[in-house]
Amino acid sequence: MTSGVRSQRARRSGITGRRGEWLAILWLGAKGYRLLARRFGGKGGEIDLIVKRGRTIAFVEVKARGALDDALIAITPEKRRLVETRIRQWLARNPWAMEHHLRADAVFLAPWRRPRHVPGAFELIL
């Protein structure tokens, strides 16, 4: 595979990911969540969305795939560890959040399907 094909695929994946994040923001906003941060972190892992509703702060992983079942299995144990590392970094910068209920959520997206928000998609080990 040439680097041109690889970079084109990465660019398309990035566009799909950003579009998925905006859909998730709209979906969660309609459910009463307020966006606190988007794409927190960077190379080596990031938290897609950090949202708040009432006394709950949710760290949201957004997965967009061709089929909803593929999206459901896309959060691997390695991805969870990377997200947890970023959560600890975010909490260190936002100590006020420790007084809230913290949760790891997911929003799964697939074409022509309603977004699926899963509160507590995985257990946080902080």
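A brief structural summary. (Residues numbered from 1 in each chain as written. Predicted model: local features only at pLDDT ≥ 70, side-chain atom pairs only at ≥ 80, totals over all residues. Heavy atoms only, no water.)

Let's talk about the overall build of the chain
Secondary structure summary: the chain contains three helices and five strands in total. The order of helices and strands in the chain, counted from the N terminus, is α-β-β-β-α-α-β-β. For the chain, the exposed area adds up to about 7700 Å²; of that, 54% sits on carbon and sulfur atoms. (Helix = DSSP H or I, 4+ residues; strand = E, 2+ residues; numbered from the N terminus. Areas by Shrake-Rupley, 256 points an atom, 1.4 Å probe, with all protein chains shown as cover.)

Points about the pattern of salt bridges
Opposite charge on two side chains permits pairing when their charged atoms draw close. Counted by the stated rule, this structure contains six salt bridges. Between Lys63 and Glu61 there is a salt bridge, with the nearest N and O atoms lying 3.3 Å from each other. Across the pair, exposure class does not vary: Lys63 and Glu61 are buried alike. Residue Asp105 is joined to Arg103 by a salt bridge in which the shortest nitrogen-to-oxygen separation is 2.7 Å. When salt bridges with common partners are traced through the structure, they connect Glu21, Arg38 and Arg39 into a single cluster. (Salt bridge = Lys/Arg side-chain N within 4 Å of Asp/Glu carboxyl O. Buried < 20%, exposed > 50% of the residue type's maximum accessible area, 1.4 Å probe, protein only.)

So, the environment of His100
Of note, His100 is situated in the loop between helix H3 (77-93) and strand E4 (101-109). Separated by 43 residues in the primary sequence, His100 and Ile57 have C-alpha atoms spaced 6.5 Å apart. Setting aside chain neighbours within four positions, we find His100 in contact with Lys52, Gly54, Arg55, Thr56 and Ile57. Within the structure, the side chain of His100 is placed 3.3 Å from the side chain of Arg55, a separation counted as a polar contact. (Contact = heavy atoms within 4.5 Å. Polar contact = N/O pair within 3.5 Å; in protein donor to acceptor, adjacent residues only side chain to side chain.)

Considering the pairing of strand E3 (residues 56-64)
Among the nine residues in E3, eight count as buried, and that is most of the element. With five bridges connecting them, strand E2 (residues 45-53) and E3 associate as antiparallel partners. Counted as the bridge partner of Leu49 is Val60 from E3. The turn linking E2 back onto E3 is made up of two residues, and Gly54 within it adopts a positive phi angle of 60 degrees. As defined by bridge partners, E3 adjoins E4 across nine bridges and the pair is classed as parallel. Bridge assignment links Ile57 to a residue of E4, and that residue is Leu102. (Pairing = 2+ DSSP bridges.)

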